[in-house]
Amino acid sequence: MIGRAFMPLCLLAAAPALADSNFLSPETPPPAGGRVDQTAFDPGTVGFTLTARGDIDVNLRIFTLFAHPGETLPLSTDQAVRWATDRGETFYGDRFDWTTPISPGLTVATLTSDDGQVMRLNLIVMHEAVGEHVGNYRLGAYPDEPYRGEEAYIAPTHFAEVPEGLRSLQISPHFTLGQFLCKQETSGEPFLVLSERLLIKLEIILAAANENGWRTDSFVVMSGYRTPSYNAGIGNGRYSRHIYGGAADIFIDTDGDGRMDDLNGDGRIDRNDAAALYDLVESLSQNDEFGDLLGGLGEYDANAVHGPFVHVDERGWRARWGR
């Protein structure tokens, strides 16, 4: 089961979507870099758990699911809650089969427990790609066959449109949709695909980083989704997890200088700081509760273009490099 309760790092998943701008910034949007509030870190959890698609458990105040048009999402909770969507649907109980709209876009549901705790589920209905494009956005060619026959490497067929108005949408308590966009230039609206498993994993790592004394409200996502075209252009492997929306290259930047902070406190910004973050993620992977989120972990030094960073993905099996 993906994202089981990981106390106190209990961070887990459920749905995306919405058109009302009132929902775009229900909490202060997390900074991509810059000084953070030095009050205690808030993991953004509620006291009940929602299960989506049978194997994703979520107790976050905000989460997002990406779905195909007309898909039925089986949702359940570990206690009866009041469900309400921005389309006027209401229900009280512990099970709700949410049939997604036919038209792509954003819908929102709120789940309210009897004691007044609220979870907001975004549901983002995606667009179907045609050939190597979705809309006017160039994707390039995905591999014909999945790597090692793994389900996680099946080429995606649908992609979420991310217009300017949705880039600040919080898709979990500490991450926004725009943080994961590809750096590919486009004259129209960009699209992406994003794994809910990756989002869960990043929330767990972020909570652990704060418990470790690195006070930060988010990671800088240096690279999230990449189109196959962009990925090939920078010389990355054709089966990169980035093209499947399942990887993020991250670092901590609380002073807003665009580079990794001095995590190990030695007065220098270098690969040792990436190593400190790498070691934290590696320590989490030893916990049985992290087992469903196993994936790749890489450590990278600075170069002329970027500072040190760590790669994290959710491929489903252990892979390590950079050491």
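Owing to the predicted nature of the structure, the values given are computational and were not obtained by experimental measurement.

Visitor: Break down the overall build of the protein for me, citing the residues and quoting the values.
Guide: Helices and strands together make up the secondary structure of the protein, namely 3 helices and 19 strands. With 323 residues in all, the protein has 54% of them scored as buried. If you take every contact in the protein between residues at least 6 apart in sequence, the share linking residues at least 24 apart comes to 66%. Just so you have it, the protein exposes about 13,500 Å², and 47% of that area is on carbon and sulfur atoms.

Visitor: Kindly report on the pairing of strand β5 (residues 90–99), identifying the contributing residues and their values.
Guide: Both strand β4 (residues 72–85) and β5 contribute to a ladder of 9 bridges, which runs antiparallel. Residue pairing in the sheet places Ser76 in a bridge with Arg95 of β5. The hairpin turn running from β4 into β5, its antiparallel successor, is 4 residues long, and Gly88 in that turn takes a positive phi close to 90°.

Visitor: Pulling in residues and values, what's your account of the nonpolar core?
Guide: Membership of the largest hydrophobic core comes to 86 residues, with the highest contact counts inside it found for Leu75, Leu111, Phe159, Phe180, Leu192, Phe219 and Leu277. At 10 residues, the largest contribution of residues to this core is made by helix α1 (residues 196–211).

Visitor: I'd like a description of helix α3 (residues 271–285), backed by residues and values.
Guide: If you check α3, its first and last C-alpha atoms are 21 Å apart, about what 15 residues at 1.5 Å a residue would give, namely 21 Å. Judged by how many residues are buried, α3 sits mostly within the fold: 11 of 15 residues are covered. When we look at burial in α3, the residues that qualify are Asp273, Ala274, Ala275, Ala276, Leu277, Tyr278, Leu280, Val281, Glu282, Leu284 and Ser285. Sitting at the head of α3, Asp270 places a side-chain oxygen 3.0 Å from the backbone nitrogen of Asn272.

Visitor: For the sheet that holds strand β8 (residues 127–128), give the residues involved together with the corresponding values.
Guide: Pairing is antiparallel across the open sheet formed by 3 strands, whose spatial order is β8-β11-β14. Two strands close off the open sheet at either side, each with one partner strand: β8 and β14 (191–192). Sheet topology places β8 next to strand β11 (residues 158–161); 2 bridges connect them, and they run antiparallel. Looking at β11, one finds that His127 is bridged to Phe159.

Visitor: Could you give an account of the packing of aromatic side chains, naming the residues involved and the relevant values?
Guide: Counted according to the given criterion, the structure contains 16 aromatic pairs. When the centroid spacing of 5.2 Å and the interplanar angle of 70° are considered together, the rings of Tyr153 and Tyr244 count as edge-to-face. A residue pair is termed long-range when its members are at least 10 positions apart, and Tyr153 in the loop between β10 (137–138) and β11 and Tyr244 in the loop between α2 (228–233) and β16 (247–251) qualify at 91 residues. Taken individually, Tyr153 and Tyr244 each receive the classification buried, so the pair is uniform in this respect.

Visitor: Can you tell me about the side chain of Thr77, naming the residues and giving the values?
Guide: Mapped onto the secondary structure, Thr77 falls in strand β4. In this structure the side chain of Thr77 is engaged in a polar contact, spanning 2.6 Å, whose partner is the backbone oxygen of Gln79. With residues up to four places along the chain from it excluded, the contact list for Thr77 reads Phe48, Thr49, Leu50, Trp83, Gly93, Asp94 and Leu111.

Visitor: Describe the sheet that holds strand β17 (residues 296–300), with residues and values.
Guide: As summarised here, the arrangement of the 5 strands in space is β15-β16-β18-β17-β19, forming an open sheet in which the pairing is mixed. Taken across any chain shown, the strands that pair with only one partner, and hence form the sheet edges, are β15 (220–223) and β19 (319–321). Strand-to-strand, the axes of this sheet are offset by a mean angle of 25°, without reference to chain direction. As paired elements, β16 and strand β18 (residues 309–313) share 4 bridges and run antiparallel to each other. Residue pairing for β18: Ala247 is matched across the bridge by Asp313. Against the sheet, α1 touches β16 and β18, its axis set at about 135° to β18. The strands touched by α3 are β16, β17, β18 and β19; relative to β17, the strand with the most contacts, the crossing angle is about 165°.

Visitor: Mind laying out the environment of Pro104, listing which residues take part and the relevant values?
Guide: Looking at the secondary structure, you find Pro104 in the loop between β5 and β6 (105–112). When the C-alpha positions of Pro104 and His127 are compared, they lie 6.0 Å apart, and in sequence the two are 23 residues distant. Beyond its immediate sequence surroundings of up to four residues, Pro104 is in contact with Val125, Met126 and His127.

Visitor: Break down the confidence of the model for the protein for me, citing the residues and quoting the values.
Guide: For the protein, per-residue confidence averages 90 on the pLDDT scale, and 88% of positions sit at 70 or higher. Per-residue pLDDT stays below 50 along residues 4–29; that stretch engages in 102 contacts with residues further than four places along the chain or on separate chains.

Visitor: How would you sum up the pattern of salt bridges? Please name residues and give values.
Guide: Tallied over the entire structure, the rule returns 18 salt bridges. Of the charged contacts, one joins Arg226 and Asp249 as a salt bridge, the two residues approaching to 3.2 Å between their closest N and O atoms. Within this pair, whereas Arg226 is found in the loop between β15 and α2, its partner Asp249 is found in strand β16, the two being separated by 23 residues in sequence. Comparing Arg226 with Asp249, the two get one shared label, buried. The shortest N-O distance in the salt bridge between Arg315 and Asp313 comes to 2.6 Å. In this structure, a network of salt bridges that share partners links the residues Arg271, Asp279, Glu299 and Arg323.

Conventions adopted
- Residues numbered from 1 in each chain as written.
- Predicted model: local features only at pLDDT ≥ 70, side-chain atom pairs only at ≥ 80, totals over all residues.
- Heavy atoms only, no water.
- Helix = DSSP H or I, 4+ residues; strand = E, 2+ residues; numbered from the N terminus.
- Buried < 20%, exposed > 50% of the residue type's maximum accessible area, 1.4 Å probe, protein only.
- Contact = heavy atoms within 4.5 Å.
- Areas by Shrake-Rupley, 256 points an atom, 1.4 Å probe, with all protein chains shown as cover.
- Pairing = 2+ DSSP bridges.
- Core = buried A, V, L, I, M, F, W, Y, C linked by side-chain atoms within 4.5 Å.
- Expected span 1.5 Å × (residues − 1).
- Polar contact = N/O pair within 3.5 Å; in protein donor to acceptor, adjacent residues only side chain to side chain.
- Phe/Tyr/Trp six-rings, centres within 6.5 Å; stacked < 30°, edge-to-face > 60°.
- Axes fitted to C-alpha atoms, helices over the stretch in contact; angles between N-to-C directions.
- pLDDT = per-residue confidence, 0-100.
- Salt bridge = Lys/Arg side-chain N within 4 Å of Asp/Glu carboxyl O.

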